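# Observations on the three-dimensional arrangement
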Amino acid sequence: MEQTNSKQEAKQPEQSKWIEYIALASVPLVLVLGNSMLVPILPDVKRQLSLTQLQTSLIITLFSLAAGIIIPIAGYLSDRYGRKKIIIPALILYGAAGVLAGFGALWKSYPILIAARAIQGIGAAGTAPIAMALVGDLYKGATESQALGLIEASNGAGKVASPILGSLLALWSWTVPFFAFPVFCAGSLVAMIFLIKEPKASADKKKTPLSDYLKNIKQIFKQKGHWLIPAFISGSLALFILFGILFYLSDILEEAPYTIKGVKKGLVLAIPLLGMVITSFTTGSLIKKNGVLIRWLMNIGLALMAVSLCLTIFFSRNLYVFIGLITLSSIGTGLLLPCLNTMITGTVEKAERGMITSLYSSMRFIGVALGPPLFSWMMDISHKIIFISVTSLSAIALVLVFFFIKPDKKVA
């Protein structure tokens with residue numbers, strides 16, 4: 001069956017392949033819009049609803065925490081019943097809860113807004129993480145790396161566009177970004193229904209009993225846990241740092257000495273993310289299952305993160321140098337994440353791929369969830385403690401990757 005899929009892939013027209021890529025990339029795009037588009041308007045939400053810094057951070061955290069908890073369940077269901085059978089209902093729930101969140105904001109009801117955000121997180125659990133597993137089902141070899149690089153780039157592109165888009169929509173009203181999101185979600189839903197044809201091997205496979213399935217997962221961790229666990233931790237730390245810094249910047253850029261608000265703030269927030277997006281896509285296109293290159297790029301990326309974040313401790317008052325250093329850190333993240341994606345999806349059998357990629361995505365979401373509240377707490381202590389902490393975490397991730405993640409010359 002693997003050989004058949006490879007032959008079909010070889011015959012697939014280039015144009016058709018890129019249409020599929022775009023449809024698949026729309027899923028992580030709407031996933032990130034659901035969170036990142038709200039980051040630049042969080043200070044407005046805080047003022048309009050008279051919230052504390054911690055209450056404001058929960059708008060991001062509850063979404064990500066709910067997603068992180070549900071993702072492994074969605075992964076198991078996608079392995080058992082097929083990827084599209086999970087992605088499509090998840091997109092519907094995700095968009096519908098987005099409408100409810102919009103009304104919560106319109107009615108200035110924090111409880112409704114928070115409840116809707118948690119429901120959105122449940123819907124989000126069945127989107128991008130399952131799309132990553134679907135890429136592994138659809139493509140092989142260099143094509144898979146290219147598709148995964150595009151998915152990571154799409155994720156990053158959403159992060160680049162979202163601060164600008166959120167700021168632009170907020171010019172009309174601070175509630176508009178909440179209502180705009182379901183429109184994007186509907187577009188992704190249509191693309192998944194009509195443009196992606198799931199392989200029969202994935203959709204119609206024999207149903208494995210849960211007990212046997214869990215034994216298989218346990219066996220995978222027994223054989224590969226020595227590098228899978230450090231990979232999960234490294235991906236989680238990278239996203240914790242990225243979203244924590246975004247949350248931090250959204251707040252402090254409006255204060256002296258910067259005093260940057262509105263669309264201008266959205267543009268500044270987009271600069272580091274643009275660096276990550278370009279790097280992610282380039283990395284995904286270049287690595288092509290080359291284990292030696294993957295190892296080098298992961299270590300270089302984390303070293304770049306550690307050094308640049310360390311330097312921000314001394315240059316945070318100069319806006320140009322400050323944003324430049326954070327952009328270098330984001331470039332490091334762009335080197336790391338596509339390599340981790342390729343290793344995790346490429347070295348796990350198709351039958352358990354959904355669960356493994358979902359556990360990885362769950363760890364990433366938990367990293368995103370912890371970022372805003374912990375950065376909010378550190379902001380009350382000292383701004384320097386933030387960058388001392390993220391520098392230390394980057395160094396820890398570098399040690400984990402350097403000593404424990406040593407891919408073969410050719411990643412399977």
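Described below are features of the structure shown in this document. (Residues numbered from 1 in each chain as written. Predicted model: local features only at pLDDT ≥ 70, side-chain atom pairs only at ≥ 80, totals over all residues. Heavy atoms only, no water.)

### Details of the overall build of the protein chain
For clarity, the cut-off: Strands are runs of DSSP state E lasting at least two residues, helices are runs of H or I lasting at least four, and both sets are numbered from the N terminus onward. Here the globule rule is a power law, 2.2 Å times the number of residues to the power 0.38, and the radius of gyration is based on C-alpha atoms. To sort residues, take the accessible area from a 1.4 Å probe on protein chains only and compare it with the maximum for the residue type: under 20% means buried, over 50% means exposed, and anything in between is partly exposed. The contact criterion used is simple: two residues touch if any of their non-hydrogen atoms lie within 4.5 Å. Here the accessible surface of atoms and residues is derived via Shrake-Rupley with a 1.4 Å probe, and residues count as covered only by protein chains that are part of the display.
Broken down by element type, the protein chain carries 16 helices and zero strands. Compactness check: the protein chain gives a C-alpha radius of gyration of 20 Å against a globular reference of 22 Å for 412 residues, within 12% of the reference. Based on the C-alpha atoms only, the size of the protein chain along its principal axes is roughly 60 × 45 × 40 Å. Taking all 412 residues of the protein chain together, 60% fall into the buried category. For the protein chain, the share of sequence-separated contacts (at least 6 apart) that also reach a separation of at least 24 residues comes to 86%. Accessible surface computed for the protein chain: about 16400 Å², of which carbon and sulfur atoms make up 70%.

### Some remarks on unusual backbone geometry
Cis geometry is found at the peptide bond from Ala256 to Pro257, where omega equals 5°. Within the secondary structure, Pro257 sits in the loop between α11 (210-252) and α12 (262-287). A positive phi angle, near 55°, is found at Lys108, a position not held by glycine. Mapped onto the secondary structure, Lys108 falls in the loop between α5 (84-106) and α6 (110-124). Its identity is not glycine, yet Thr259 carries a phi of approximately 50°, on the positive side. Tracing the chain through its elements places Thr259 in the loop between α11 and α12.

### Observations regarding the packing of aromatic side chains
What counts is decided by this rule: Two rings from Phe, Tyr or Trp (for Trp, the six-membered ring) form a pair when their centres are within 6.5 Å of each other. A pair whose planes differ by under 30 degrees is stacked, one over 60 is edge-to-face, and the rest are tilted. Think of it as a cone above the ring: NZ of Lys or CZ of Arg counts as a charge over the ring if it is within 6 Å of the ring centre and within 35 degrees of the ring normal.
Scanning all chains against the criterion turns up 13 aromatic pairs. Taking 6.4 Å as the distance between ring centres and 15° as the angle between the ring planes, the aromatic pair formed by Tyr258 and Phe322 counts as stacked. One end of the pair, Tyr258, is in the loop between α11 and α12; the other, Phe322, is in helix α14 (residues 319-346), with 64 residues separating them in the sequence. Ring geometry for Phe322 and Phe387: centres 5.7 Å apart, planes at 75°, overall edge-to-face. Linking Phe322 in helix α14 with Phe387 in helix α16 (residues 383-404), this pair joins segments that are 65 residues apart in sequence. With relative accessibility at 2%, the residue Phe387 sits in the buried group. By the ring-pair criterion, three or more aromatic residues cluster together here, those being Tyr248, Tyr258, Phe322 and Phe387. We note Arg295 situated over the ring of Phe402; from NZ or CZ to the ring centre the distance is 5.2 Å.

### Quick look at the pattern of salt bridges
When the charged atoms of two side chains with opposite charge come close together, those side chains can pair. Under the convention used in this document: Salt bridge criterion: a side-chain nitrogen from Lys or Arg within 4 Å of a carboxyl oxygen from Asp or Glu.
Applying the stated criterion across every chain yields a total of five salt bridges. Asp44 is the partner of Arg47 in a salt bridge, and the nearest nitrogen-oxygen pair spans 2.6 Å. Of this pair, Arg47 and Asp44 both sit in helix α3 (residues 42-48), three residues apart, which is roughly one turn of the helix. Given the relative accessible area of 24%, Asp44 is considered partly exposed.

### Points about a nonpolar patch on the surface
Heads up, the rule is: Patch criteria: residues need more than 30% relative accessible area and no salt bridge. Like-charged residues are merged within 9 Å; nonpolar side chains of Val, Leu, Ile, Met, Phe, Trp and Tyr are merged within 5 Å.
Judged by side-chain polarity, Leu65, Ile69, Ile366, Leu370, Leu374, Trp377, Ile381, Ile385 and Ile388 come together as a nonpolar surface patch covering roughly 780 Å² of accessible area. Counting residues per element, the ones that place at least two in the nonpolar patch are α4 (53-81), α15 (350-381) and α16. Along the chain, Ile381 turns up in helix α15.

### Focus on empty space enclosed by the protein
If a probe as big as a water molecule is rolled over the atoms, it shows which places are left empty. Let me state the cut-off plainly: Using protein atoms alone on a 1 Å grid, points that fit a 1.4 Å probe yet trap it form a cavity, whereas open point sets bounded by protein on both sides within 12 Å along at least five of seven lines form a pocket; residues with an atom within 4 Å of a point count as lining. Grid points are joined across faces, edges and corners, and a volume is the space filled by probe spheres set on the points. When residues are grouped by polarity, Ala, Val, Leu, Ile, Met, Phe, Trp, Tyr, Cys and Pro land in nonpolar, Asp, Glu, Lys and Arg in charged, and all others, Gly among them, in polar.
This model, assessed by the stated rule, comprises four cavities of 30 Å³ or more. The computed volume of the largest cavity comes to approximately 270 Å³. For the largest cavity, the lining is made up of 19 residues, of which Leu31, Asn155, Lys159, Arg364 and Phe365 are closest to its centre. At the level of elements, α2 (14-36), α4, α7 (128-138), α8 (141-170), α11 and α15 are the ones that each hand at least two residues to the lining of the largest cavity. Counted by class, the lining of the largest cavity contains 12 nonpolar, four polar and three charged residues. If you add up the space inside the second largest cavity, you get close to 90 Å³. Together, Ala238, Ile241, Leu242, Ile245, Leu246, Leu249, Pro272, Leu273, Ile326, Ser329, Ser330 and Thr333 line the second largest cavity.

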